[in-house]
Amino acid sequence: MPRSFRPLVDTSLAERLYRLGLSRNTRVTATHNRTVLVSWTRRGGLRLHAGYAAAPDDVLIAIVRFLGTFVPRKERLAARQRFMAFPAWQHADSRPRRASSLRNVPDEHAPMIARLEGEHRRLNAEHFEGRLTTIPIRLSERMRRHLGELRADRDGKPLYITMSLRHIRRDSWAAVLDTLLHEMVHQWQGESGLPLNHRKAFWNKALALGLAREHRRQPALPGAISRP
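Quick summary incoming for the structure in this document. (Residues numbered from 1 in each chain as written. Predicted model: local features only at pLDDT ≥ 70, side-chain atom pairs only at ≥ 80, totals over all residues. Heavy atoms only, no water.)

Examining the pairing of strand 2 (residues 38-41)
Step number 1: Across four bridges, strand 2 lies against strand 3 (residues 45-49) in antiparallel orientation. Within strand 3, the position partnered with V38 by the bridge is L48.
Step number 2: From the end of strand 2 to the start of strand 3, which pair antiparallel, there are three residues. (Pairing = 2+ DSSP bridges. Helix = DSSP H or I, 4+ residues; strand = E, 2+ residues; numbered from the N terminus.)

Thoughts on the environment of I161
Step number 1: As for its position among the elements, I161 is in strand 6 (residues 158-164).
Step number 2: The spacing of I161 and E183 is 22 residues in sequence and 7.0 Å in space, taken between C-alpha atoms.
Step number 3: The contacts of I161, once residues within four sequence positions are left out, are H120, I135, P136, I137, R138, E149, L150, L180, E183, M184 and Q187. (Contact = heavy atoms within 4.5 Å.)

Topic: the pattern of salt bridges
Step number 1: Across all of its chains, the model carries 10 salt bridges by this definition.
Step number 2: Close ionic contact of E15 with R24 constitutes a salt bridge, the shortest N to O distance being 3.2 Å.
Step number 3: One salt bridge connects R131 with E129, and the closest N-O pair in it is separated by 2.8 Å.
Step number 4: We classify R131 as exposed; its relative accessible area is 66%.
Step number 5: Look at the salt bridges and you will find they share partners, linking R16, R19 and D57 into a network. (Salt bridge = Lys/Arg side-chain N within 4 Å of Asp/Glu carboxyl O. Buried < 20%, exposed > 50% of the residue type's maximum accessible area, 1.4 Å probe, protein only.)

Section: helix 6 (residues 173-191)
Step number 1: Its 19 residues place the ends of helix 6 26 Å apart at the C-alpha level, agreeing with the 27 Å of an ideal helix rising 1.5 Å per residue.
Step number 2: Looking at the residues trailing helix 6, positive phi occurs at G193, about 80°. (Expected span 1.5 Å × (residues − 1).)

Quick notes on the nonpolar core
Step number 1: The biggest cluster of nonpolar side chains holds 26 residues, and the ones touching the most others in it are L116, L139, I161, M163 and L180.
Step number 2: Sorting the residues of this core by element identifies helix 4 (110-127), strand 4 (137-140), strand 5 (148-152), strand 6, helix 5 (165-170), helix 6 and helix 7 (200-208) as the ones contributing at least two each.
Step number 3: Of the residues forming this core, the biggest block, five residues, is contributed by helix 6.
Step number 4: If you look at the next biggest cluster of nonpolar residues, it comprises 25 residues, including Y18, V38, V64 and A79. (Core = buried A, V, L, I, M, F, W, Y, C linked by side-chain atoms within 4.5 Å.)

A closer look at the sheet that holds strand 5
Step number 1: Spatially, the three strands line up as an open sheet ordered 4-6-5, and their pairing is mixed. Of all the strands in the sheet, the pair left with one neighbour each is strand 4 and strand 5. Here the strands of the sheet are splayed against their neighbours by 25° on average, with no regard to which way each runs.
Step number 2: Here five bridges tie strand 5 to strand 6, and the two strands are oriented antiparallel to one another. For R151, the partnering residue across the bridge sits in strand 6 and is Y160. (Axes fitted to C-alpha atoms, helices over the stretch in contact; angles between N-to-C directions.)

Observations regarding the sheet that holds strand 3
Step number 1: Pairing in this open sheet of three strands is mixed, and the strands run 1-3-2 from one edge to the other. Looking at the sheet topology across the chains shown, the edges are occupied by strand 1 (28-31) and strand 2. Going across the sheet, the axis of each strand differs from the next one's by a mean of 20°, ignoring polarity.
Step number 2: Of the pairings in the sheet, the one linking strand 1 to strand 3 comprises four bridges and is parallel in character. Bridging across to strand 3, T29 finds its partner in R47.

Side note on the packing of helix 4 against helix 6
Step number 1: Axis separation between helix 4 and helix 6 bottoms out at 10 Å; the angle between their running directions is 60°. Viewed along their axes, helix 4 and helix 6 adopt a mutual orientation that is oblique. Here helix 4 and helix 6 pass one another in a crossing that is right-handed. Seen from helix 4, the contacting residues are M112, R115, L116, E119, H120, R122, L123, N124 and H127; seen from helix 6, they are W173, V176, L177, L180, L181, M184 and Q187. (Parallel < 35°, antiparallel > 145°, perpendicular 65-115°, else oblique. Left-handed = near helix turned anticlockwise from the far one by under 90°.)

Side note on the side chain of S140
Step number 1: Secondary-structure assignment places S140 in strand 4.
Step number 2: If we skip the residues at most four places from it in the chain, S140 touches T162, M163, S164 and L165.

Brief notes about helix 2 (residues 57-67)
Step number 1: Listed in full, the buried residues belonging to helix 2 are V59, L60, A62, I63, V64, F66 and L67.
Step number 2: Lining the buried residues of helix 2 we find helix 1 (11-19), strand 2, strand 3 and helix 3 (73-85).

Written out as structure tokens, the structure is:
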């Protein structure tokens, strides 16, 4: 007998979004993540918490509006505020945090984490006048598609930065610092009340700090994991 499973694509939620203006070429995936409420990538499409199935149309319209191109910043921020205000997590169960994320840091990772935290302090002083909050830095053995990521809560507040161990072992230290600085620009976005994405504000700041556009990765929306 085939094993039963929960479908990734919520067709009813997708149909509502399509009817409200989302491109039918956009795949819609319902998630049950604790902190990632809404995120979008070119490859993965739109991922949003299953609880948004209970949202009124104006909340879903705000999501569609936020994803639109050539939307004025004021309207985009208003749309973000509307869909982030909806308590999606109250309308669908969230998956419990994986036990692995609660384990102590392996001893062999401690020196590298200390080194990266030191670089975070240095880059913060050099490029952000020391105004960024000191947040934890983690290392990931399993990160393959991305070099680093910023985790933020539902309100867009930065929680921690994760760096790929594969990236650290494979690439130059200069490249690793570029990745760290890239994530710190996202941290600056979150702590400045800006949406976490790769739009004009991000690249104005990044280019001013000397990051090349070749360091671009996929965007994420507020309250999501930033996967630049």
